[in-house]
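Below, each chain spelled out in residue letters.
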Amino acid sequence: MNFLKSVWLTLLLFPYAMAVQAQQSVSLTLPEAMRIANENNRTIRKAQIQRKITETEIRTAKNLRLPEVHFNAMYSQLSDLTQYRGGFFSQKETIAPLPGNLIYDAVSNFRMPIYEANGINNAIKKSRQQSEIAEINVEKAENDVRLEVAATFLGIYKMMELQKIIEESIKEEVERLKEVKAFKAFGTVTKNEVLRAELQLSDRELSALTNKKNSTIALQELKTVLQLPEESNITIDTTGLFDRDAMKDYDFYFKKTMQNEEMKMASGEVAVKKTELKMVKAKYLPKIGFFGNYNLRYPNYMAFRLDMPFLYTIGQIGVEATYDLSGLYKNKVHVQVANLKLELQQNESEMVKNEMTDKVFKQHTQYQEISEQLLVTKKALDLAQENYRIVKVKYLNQLVLITEMVDADNALLHAKFNRIATRIDALMKQYELLHTAGILSKN
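So, here is what we can say about the structure in this document. Nothing here was measured: the structure is a model prediction, and the numbers come from that model.

Cut-offs and rules
Residues numbered from 1 in each chain as written. Predicted model: local features only at pLDDT ≥ 70, side-chain atom pairs only at ≥ 80, totals over all residues. Heavy atoms only, no water. Pairing = 2+ DSSP bridges. Helix = DSSP H or I, 4+ residues; strand = E, 2+ residues; numbered from the N terminus. Core = buried A, V, L, I, M, F, W, Y, C linked by side-chain atoms within 4.5 Å. Buried < 20%, exposed > 50% of the residue type's maximum accessible area, 1.4 Å probe, protein only. Contact = heavy atoms within 4.5 Å. Salt bridge = Lys/Arg side-chain N within 4 Å of Asp/Glu carboxyl O. Expected span 1.5 Å × (residues − 1). Phe/Tyr/Trp six-rings, centres within 6.5 Å; stacked < 30°, edge-to-face > 60°. Lys NZ or Arg CZ within 6 Å of the ring centre and 35° of its normal.

### A few points about the pairing of strand β5 (residues 102-115)
Argument step 1. Pairing of strand β2 (residues 68-77) with β5, which is carried by ten bridges, proceeds in the antiparallel orientation. Among the inter-strand pairings, Asn 72 is bridged to a residue of β5, identified as Val 107.
Argument step 2. As defined by bridge partners, β5 adjoins strand β7 (residues 287-298) across eleven bridges and the pair is classed as antiparallel. Note that in β7 the partner of Phe 110 across the bridge is Gly 292.

### Focus: the nonpolar core
Argument step 1. Core analysis: the biggest nonpolar cluster contains 43 residues, and Leu 30, Val 149, Leu 154, Leu 222, Leu 226 and Tyr 431 have the highest contact counts within it.
Argument step 2. Of all the secondary-structure elements, those providing two or more residues to this core are α2 (30-40), α3 (42-62), α4 (119-185), α5 (191-226), β6 (233-236), α8 (327-396) and α9 (402-436).
Argument step 3. Residues within four places of Val 149 in sequence aside, it is in contact with Leu 30, Ala 33, Met 34, Ala 37, Leu 222, Val 225 and Leu 226.

### What about the pattern of salt bridges?
Argument step 1. Within the structure shown, the criterion is met by 18 salt bridges.
Argument step 2. The closest approach of N and O atoms between Arg 111 and Glu 320, which form a salt bridge, is 3.0 Å. Note that Arg 111 is positioned in strand β5 and Glu 320 in strand β8 (residues 312-322), a separation of 209 residues in sequence.
Argument step 3. Exposure remark for Glu 320: the relative accessible area of 29% places this residue in the partly exposed category.

### Let's talk about α8
Argument step 1. In this model, α8 (70 residues) spans 96 Å end to end at C-alpha, consistent with the 104 Å of a helix rising 1.5 Å per residue.
Argument step 2. Of the residues flanking the end of α8, it is Gln 398, one or two places downstream, whose phi is positive at about 60 degrees.

### Side note on the environment of Lys 52
Argument step 1. Here Lys 52 lies in helix α3.
Argument step 2. With a relative accessible area of 43%, Lys 52 lands in the partly exposed category.
Argument step 3. Considering only alpha carbons, one finds Lys 52 and Ala 134, 82 residues apart in sequence, at a separation of 8.5 Å.

### Topic: the packing of aromatic side chains
Argument step 1. If you walk through the whole model with that rule in mind, you get seven aromatic pairs.
Argument step 2. Judged by centre distance (6.4 Å) and plane angle (25 degrees), the rings of Tyr 75 and Tyr 104 are stacked. Placement of the pair is Tyr 75 in strand β2 and Tyr 104 in strand β5, with a sequence separation of 29 residues.
Argument step 3. Looking at Tyr 75, the relative accessible area reads 57%, which means it is exposed.
Argument step 4. Measuring from ring centre to ring centre gives 6.1 Å for Phe 183 and Tyr 395, while their planes differ by 65 degrees; the resulting arrangement is edge-to-face. On the criterion of sequence distance, the pair formed by Phe 183 in helix α4 and Tyr 395 in helix α8 is long-range, its members being 212 residues apart.
Argument step 5. Taken together, the ring pairs in this structure connect Tyr 250, Phe 254 and Phe 361 into an aromatic cluster.
Argument step 6. The ring of Phe 252 is capped by Lys 248, whose NZ or CZ atom sits 5.4 Å from the centre of that ring.

Here it is as structure tokens:
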């Protein structure tokens, strides 16, 4: 009986236990988040599917080398033939064109290309080039998603640090409000200073509430990027976040950028346009193919009298050559268009190169600027802390008004946040440089 009771309780509590387990918080480091995004993200999955499509298209292009085989069968009932010997309004006579007014045939034929002016080889080559571009696009998608994860992750971290600073400030504001009210009880401060202290505390609490909501939204965005279940609850683990290798010099990132995914894709598109130009030019040349067919027909009206109701078969096999004479004047425009498309793609490739050159230079310069700002923010924090200490002592001794205390408190809060925010911005700029250089997935 006790056993049955325990089983019943287990079954009853199982859904609740599963729900609690589903709500358990999962802590993720940045490398773990990037790995999960690489496995689950829809953008990457889309690029992978596109790559598979291009791989299949290579096999489709190769199938052009295989013979084409067709089968056609026909059965028809003919009407009588009305013949006019001297014009439409002259004497006419009706004739049965074939025995039974029936005709039917079954035809099978095949054609296998021998020479297609290199058209099939170029079609296969184009498919392979497009597959290579699709492969590079997968790498680019992974690189882009990693940067998105890093930006969201570091944005959450920045808001977490701001939340800590604000909550510390709230504690101090609560204590200060108690001090001000005590001063007011002794009549050493006015009611206006009490109101100012209360207003400062309310402002801090409002900032904490807004920042907390923004952090929740950012966590939801991170969950979406990682394609985690809606019921999952995630937090970020910043352990070892700043333990990274030293930054390389500008030349390192510039050389890598000139070989990144966008540069490779631009070069690949130029190669595709060159192949397309060859395919268009091939239309000037003749085509040679091996063909054959076999026919089963009734009645025999090919080589004998029409009134001979005999079933017969006949076949053909040989080589045929076709040449589109109209292509000599029609294809000229197509070649011009293909040349212009090639020129346009080459221009696009140069534009991408210029864009990448400016981008890596800008990001490296910005990183140097942020690195220099780190020293300034450290000094500013020391000054703000010392200023806050001095003003607080004066305030407790009733030598300054609460407005100066509030200003000193605000200056300290901004100095603390600027310090940690600048560190995070410097780290983010490193990830942006790695992304531009096309090596974020390798770091």
